[in-house]
Amino acid sequence: MHQYKRSSELFDQAQKYIPGGVNSPVRAFKSVGGTPVFIKKAKGSILTDEDDNEYIDYISSWGPMILGHAHPTVIKAIKDKVEDSTSFGAPTELEIDIAKLIVDMVPNIDKVRMVNSGTEACMSAIRVARGYTGRNKFIKFEGCYHGHSDSFLIKAGSGASTFGEPNSPGVTPGTANDTLTAKYNDIENVKQVVADNKGEIAAIIIEAIAGNMGCVLPKKGFLEELRQICDEEGILLIFDEVMSGFRLAKGGAQEYFGVKADLVTFGKVIGGGMPVGAYAGPDEIMKVVSPVGPVYQAGTLSGNPIAMIAGYTLLSELNENPQHFTELADKCEYLHKGLDKVLADSGFAYRINRCGSMISVFFTDVDVVDFDTAATANNELFPKFFHEMLKRGIYLPPSSFESYFLSNSLTYEMLDKTIQAAKESLEAMKA
Ligand SMILES: *Cc1c(COP(=O)(O)O)cnc(C)c1O
């Protein structure tokens with residue numbers, strides 16, 4: 001059995017100097033209880049904690065480590081680059097290389113602007129949509145997460161919903177007025193919200209495949225109907241591809257589902273583990289962005305050379321070896337089948353949602369299609385399952401509202417070990 005001696009000590013110390021001991025709330029294990037595990041290092045799909053326990057990683061740093069931790073090519077590129085200084089605040093050739101690569105990989109975009117996080121990307125995309133359309137409001141979906149900027153912390157999913165605080169103090173009613181929320185997968189609800197705010201909506205922003213209420217797939221036709229509503233009403237459709245970008249396919253959800261977005265946002269994989277985000281779109285829309293157009297957006301460290309070389313190297317690897325995506329999907333399907341069997345045998349009510357290399361197990365007896373149905377799985381079974389798995393060396397996301405992210409460094413042997421651990425964990429949960 002694992003010991004968490006050093007992790008406990010570090011967590012005590014961390015709480016003295018850092019709010020809640022962490023720099024992002026989900027890491028505190030609040031929704032599963034217990035002490036968060038402090039990580040020392042990782043290689044491939046194996047995490048090593050400060051007590052030298054090892055875990056098979058199903059978070060992949062929430063997505064970026066799609067080819068595993070400390071990928072040799074990425075690490076070498078960073079090491080080589082860092083000798084030339086870590087930031088200039090002036091343009092570099094590498095920024096052209098990564099922009100060109102992104103435009104090549106992703107459909108329907110001509111230009112891309114790099115920022116430092118997914119939060120910044122989504123915040124900026126909304127500003128661009130407002131500047132372009134001259135309208136103020138936008139629609140987001142309940143349970144989707146678009147980062148922590150004020151206008152999105154309106155019934156946000158993920159961290160916020162885990163804590164049962166749909167609205168954060170500090171967000172003004174004025175800001176909240178311009179954010180409309182609709183139900184995921186409910187097109188009639190979207191039509192209603194649009195009709196009630198006719199001519200006032202700049203954008204509809206969506207996780208085309210949701211990952212922040214667990215993995216929730218769009219119903220057949222839902223994205224197409226959103227596209228149609230946006231075309232009819234002069235609304236921009238924004239795909240938040242911070243999770244799905246360069247993960248579902250080279251071209252992300254647009255390519256995977258065959259639906260065109262007007263603007264896309266990126267994060268996670270795009271930075272290869274460094275703090276990077278981006279937003280992108282066709283010339284017609286991106287021409288409003290400063291310094292060409294009037295919509296201001298800037299960043300002292302945007303396009304940072306170390307971040308860019310990490311992202312460029314990882315994206316190049318994915319671009320040149322598209323079999324990564326099929327291998328990941330195959331592994332995810334294998335895991336799905338294995339978990340499905342042991343869960344069925346266990347007698348617990350459950351649902352599994354899967355798309356590409358994203359998968360979620362929900363302990364519920366209803367199909368999970370939106371935030372309300374996802375919330376039915378936020379019950380006492382999830383923390384038990386989480387801790388039983390952790391004890392057996394499987395590191396799952398510490399919230400029932402988060403998707404697992406597979407890495408292609410997972411081997412079938414590791415998947416078998418995971419399925420076996422799930423079988424034993426479910427048995428232990430019954431005892
Ligand atoms: C993680 C995430 C964000 C926020 O990105 P950060 O880099 O954490 O700011 C935005 N949208 C989606 C869909 C995400 O999964």
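Not measured: the values here are computed from a predicted model. (Residues numbered from 1 in each chain as written. Predicted model: local features only at pLDDT ≥ 70, side-chain atom pairs only at ≥ 80, totals over all residues. Heavy atoms only, no water.)

### Focus: the overall build of the protein chain
This is how the line gets drawn: Helical segments are the DSSP runs of H or I of at least four residues, strand segments are the runs of E of at least two, and each set is numbered from the N terminus. C-alpha atoms define the radius of gyration in this analysis, and the globule rule sets the expected value at 2.2 Å times the number of residues to the power 0.38. Only protein chains enter the area calculation, which uses a 1.4 Å probe; residues under 20% of their type maximum are buried, those over 50% are exposed, and those in between are partly exposed. Whether two residues are in contact is decided by their heavy atoms: any pair within 4.5 Å suffices. Each accessible area is a Shrake-Rupley result for a 1.4 Å probe, and residues are judged covered by the shown protein chains and nothing else.
Across its full length, the protein chain carries 15 helices and 14 strands. Its C-alpha atoms give the protein chain a radius of gyration of 21 Å, within 12% of the compact-globule value 22 Å for 431 residues. Overall, the protein chain is about 60 × 55 × 45 Å in size when its C-alpha atoms are taken along their principal axes. The buried share of the protein chain, reckoned over its 431 residues, is 55%. A separation threshold of at least 6 residues defines the contact pool for the protein chain, and within that pool the share at least 24 residues apart is 73%. Accessible area for the protein chain stands at about 17900 Å²; split by element, carbon and sulfur atoms hold 52% of it.

### Regarding the sheet that holds strand S12 (residues 358-362)
What counts, and what does not: Only strands that DSSP links by at least two bridges are regarded as paired with each other. All axes here are fitted lines through C-alpha atoms, helices being fitted over the stretch that makes contact, and every angle between N-to-C directions spans 0 to 180 degrees.
With antiparallel pairing, three strands are arranged side by side in an open sheet as S11-S12-S14. Each having just a single partner strand, strand S11 (351-355) and strand S14 (404-405) make up the two edges of the open sheet. Pairing between S11 and S12: five bridges, direction antiparallel. Considered in S12, the bridge of Arg351 is made with Phe362. Those strands touched by helix H12 (residues 323-346) are S11 and S12, and its axis lies near 175° from that of S11.

### Brief notes about the environment of Lys40
Applicable threshold: Residues adjacent in sequence count toward polar contacts only when both atoms are side-chain atoms; beyond that, a polar contact is any pair of N or O atoms within 3.5 Å, and within protein one must be able to donate a hydrogen and the other to accept it.
Assignment of secondary structure puts Lys40 in strand S1 (residues 39-43). Once the C-alpha coordinates of Lys40 and Asp52 are considered, the two residues, 12 residues apart in sequence, prove to be 8.2 Å apart. Here Lys40 is in contact with Thr48, Asp49, Glu50 and Asp52, once residues within four sequence places are set aside. Here the side chain of Lys40 touches Asp52 through a polar contact of 2.6 Å, side chain to side chain.

### So, the UniProt feature "modified residue: N6-(pyridoxal phosphate)lysine" (unreviewed entry) in the protein chain
Note the threshold: UniProt positions are given in the numbering used here, feature names are shortened, and annotations may be inferred rather than shown by experiment.
Cross-referencing UniProt, the feature "modified residue: N6-(pyridoxal phosphate)lysine" (unreviewed entry) maps to Lys268 in the present numbering. Under the relative-accessibility criterion, Lys268 is labelled partly exposed at 24%. Here Lys268 is in contact with Trp62, Pro64, Val242, Met243, Gly273 and Val276, once residues within four sequence places are set aside.

### Re the pattern of salt bridges
Which entries qualify depends on this criterion: The rule for a salt bridge is simple: a side-chain nitrogen of Lys or Arg has to be within 4 Å of a carboxyl oxygen of Asp or Glu.
Summed over the entire model, instances satisfying the criterion amount to 22 salt bridges. The salt bridge involving Arg6 is made with Glu50; its shortest N-O contact spans 3.4 Å. Linking Arg6 in helix H1 (residues 5-17) with Glu50 in the loop between strand S2 (46-49) and strand S3 (54-57), this pair joins segments that are 44 residues apart in sequence. Accessibility expressed as a relative area gives 21% for Glu50, which makes it partly exposed. Here the residues in one salt-bridge network are Arg227, Asp231, Lys260 and Asp262, joined through shared partners.

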